[in-house]
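# Per-entry structural report
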Amino acid sequence: MKAAILHAPGGLERIEIVERDRPEPAAHEILVQVHASSLNYHDYVVAIGGIPTEDQRVLMSDGAGEVVAIGDDVTQFAVGDRVISTFFPNWVDGPISLAKRAGTPGDRGPGMAAQFVAGAENAFTHAPAGYSHVQAATLPCAALTAWRALMVEARIKPGDTVLVLGSGGVSIFALQFARVAGAKVIATTSSQSKADRLTELGAEHVVNYAEDPKWGKTVKQLTGGRGVDAVVEIGGPDTLGQSIAACRMGGHISLIGVLTGVKGEVPTAAFFYANLTMTGISVGSRCQQQDMVRAIEASGIVPVVDSEFELADLAEAFAYQKAQKHFGKICLTL
Ligand SMILES: NC(=O)c1ccc[n+]([C@@H]2O[C@H](COP(=O)([O-])OP(=O)(O)OC[C@H]3O[C@@H](n4cnc5c(N)ncnc54)[C@H](OP(=O)(O)O)[C@@H]3O)[C@@H](O)[C@H]2O)c1
């Protein structure tokens, strides 16, 4: 079978497509024929060596495919089931712990950029009924992060206003989940054409953060001065201050991303003055993923797939991701 591996210490030119033996499932494992994966910023950072990983690691956290064999002790899946991977194969339920964080595919564990993957049945969930493999492959990291941010941590309700930043994978899912939950959405972006598409997806207002450095204040004004109830914060140090400025008194920020870096100043007084809460998010648990899949089936959300690349073109796909021309998810077919 074919697999995309990374030679240490990383770099897009150090990705190679190799032949590997097809794995056999152990008693508690399922063998999945992986048909699709999707790119997350995390995969890019691993690929360029920003997160050091084992030499010749198979890349990619997200996978979707079909069960082609099951071990003797498997009870939750049958051959032919369509499944998706989980970002934390050991985090089934409850609060996160160091042990539950271990083994993320394509980082601390073998990744999904392989035509066949064997893994514990608890490391997979069913895919939403009716989804293509490509659509299903968009879910394990970006969608679950957005789901947890809004439904588990911010606990949004109909009538709330949610702020999403930019038009990447996490933010578009957050927009879609917020809309089906009956919330209003204000989005930011750096491009007029993407602003139009955000409006089509249901954003009530779109603010251009590249043209308006005080976009937090603008967002607050757009809520009549009250502020937003929840922010899906994917930017990090350069956006957090504006996200705080956009919040209502008592609002919630899900701290998710590092697109502008990992260190910076925090306007502490503005934060406590507004009595905000902020939750650091690391994707989510398997149980949360099962809840999300049920919600997707009930609501009919369709992922926004920007483009599809073949496995052999993975390095090209990462370069395209880095250019930030995409809208929604970049996918990989195997
Ligand atoms: N903590 C977690 O569990 C978790 C899970 C998933 C992702 N993440 C993190 O969340 C971030 C987003 O991930 P992703 O996969 O959605 O990335 P992505 O698809 O690569 O998102 C890229 C988009 O982000 C927007 N963006 C970039 N800089 C921005 C800024 N200064 N202000 C507002 N928007 C900006 C741009 O949108 P426009 O082109 O519209 O301007 C860009 O197209 C990454 O840092 C990733 O590592 C964290």
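Notes on the structure follow. (Residues numbered from 1 in each chain as written. Predicted model: local features only at pLDDT ≥ 70, side-chain atom pairs only at ≥ 80, totals over all residues. Heavy atoms only, no water.)

This part covers the site of the ligand. Lining the immediate environment of the ligand, one finds 25 residues, of which Ser167, Thr189, Tyr209, Ile281 and Val283 sit closest. Backbone polar atom of Gly169 to an oxygen atom of the ligand: 3.0 Å apart, as the coordinates give it. Note that an oxygen atom of the ligand is positioned 2.5 Å from one of the side-chain N or O atoms of Thr189. When the ligand is considered free in solution it has 920 Å² of accessible area, and contact with the protein chains removes 91% of it. Among the detected pockets, the ligand sits in the largest pocket. (Near = heavy atom within 4 Å. Polar contact = N/O pair within 3.5 Å; in protein donor to acceptor, adjacent residues only side chain to side chain. Areas by Shrake-Rupley, 256 points an atom, 1.4 Å probe, with all protein chains shown as cover. 1 Å grid on protein atoms, 1.4 Å probe; cavity = no way out; pocket = protein on both sides within 12 Å on 5 of 7 lines; lining within 4 Å. Sits in = over half its atoms within 2 Å of the grid points.)

With five bridges joining them, strand E15 (residues 305-310) and strand E16 (residues 329-333) adopt parallel strand pairing. By the bridge assignment for E16, Ser307 is matched with Ile330. In terms of handedness, the path from E15 via helix H11 (residues 314-322) over to E16 forms a crossover that is right-handed. (Pairing = 2+ DSSP bridges. Helix = DSSP H or I, 4+ residues; strand = E, 2+ residues; numbered from the N terminus. Right-handed = clockwise from strand over helix to strand, strands pointing away.)

Here three strands make up an open sheet; going across it, the order is E2-E1-E4 and the pairing antiparallel. This sheet does not close on itself; its edge strands, each paired only once, are strand E2 (15-19) and strand E4 (57-58). Strand direction decides the pairing type here: strand E1 (residues 2-6) and E4, joined by two bridges, are antiparallel. Within E4, the residue paired with Leu6 across the bridge is Arg57.

Here the focus is the environment of Arg148. Along the chain, Arg148 falls in helix H4 (residues 139-153). Accessibility expressed as a relative area gives 9% for Arg148, which makes it buried. Along the primary structure Arg148 and Leu314 are separated by 166 residues, whereas in three dimensions their C-alpha atoms are 28 Å apart. Other than its neighbours up to four places away in sequence, Arg148 contacts Trp91, Glu153, Gly280, Ile281, Ser282, Val283, Gly284 and Gln288. A polar atom in the side chain of Arg148 sits 3.3 Å from the backbone oxygen of Val283. (Buried < 20%, exposed > 50% of the residue type's maximum accessible area, 1.4 Å probe, protein only. Contact = heavy atoms within 4.5 Å.)

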